[in-house]
Amino acid sequence: MLVHVFQLFKGITFEANSLLNDLQESLHSQESKLTAYAQQQREAHSRAIQTTRTISQITVNFFKTLDGHASKIGQIVEEAQTIDDQKLSELEKKFEKLSMRQIYRITTMYWKCFVFVLENGVITPYVP
């Protein structure tokens, strides 16, 4: 009977060892899977960070370029305004000169129509 109990304990010990080995293999398998999953998550996170940095840099460069173009456009508009102001001033001066010439011509023509001659103390209109 002792042999029988010993065999029973031996069988129980074998079963327990077998269960412990299976459990240990299962735990190692779960650990490997968890480690692989954690590595995948780290890599995905790293790629997401790199992508975000790239997008951020592209956005910053875009706005720097946009700012540069806006500054150039502002400068071009200012230069065009200055040139337009100068041309307008020149046009005003030319118009004033032309107006003065026209006034002079009209006045001269008007007074030529009224030329008087002084003859013998009498003023008479000149008729050509």
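Residues numbered from 1 in each chain as written. Predicted model: local features only at pLDDT ≥ 70, side-chain atom pairs only at ≥ 80, totals over all residues. Heavy atoms only, no water.

Q: Even after reading the chapter, I still don't get the overall build of the protein chain, so can you show me in this structure?
A: Scanning the protein chain from terminus to terminus reveals one helix and two strands. Listed by position from the N terminus, the elements making up the protein chain come as α-β-β. Burial status across the protein chain gives 0% buried among its 128 residues. About 12,400 Å² of surface is accessible on the protein chain, with carbon and sulfur atoms providing 64% of the total. (Helix = DSSP H or I, 4+ residues; strand = E, 2+ residues; numbered from the N terminus. Buried < 20%, exposed > 50% of the residue type's maximum accessible area, 1.4 Å probe, protein only. Areas by Shrake-Rupley, 256 points an atom, 1.4 Å probe, with all protein chains shown as cover.)

Q: Could you clarify how one ought to interpret a nonpolar patch on the surface in this entry?
A: Side chains of Met1, Val5, Leu8, Phe9 and Ile12 sit close together on the surface and give an oily, nonpolar patch of about 560 Å² of accessible area. Along the chain, Ile12 turns up in helix α1 (residues 2-113). (Patch = residues over 30% accessible without salt bridge, like charges linked within 9 Å, V, L, I, M, F, W, Y side chains within 5 Å. Salt bridge = Lys/Arg side-chain N within 4 Å of Asp/Glu carboxyl O.)

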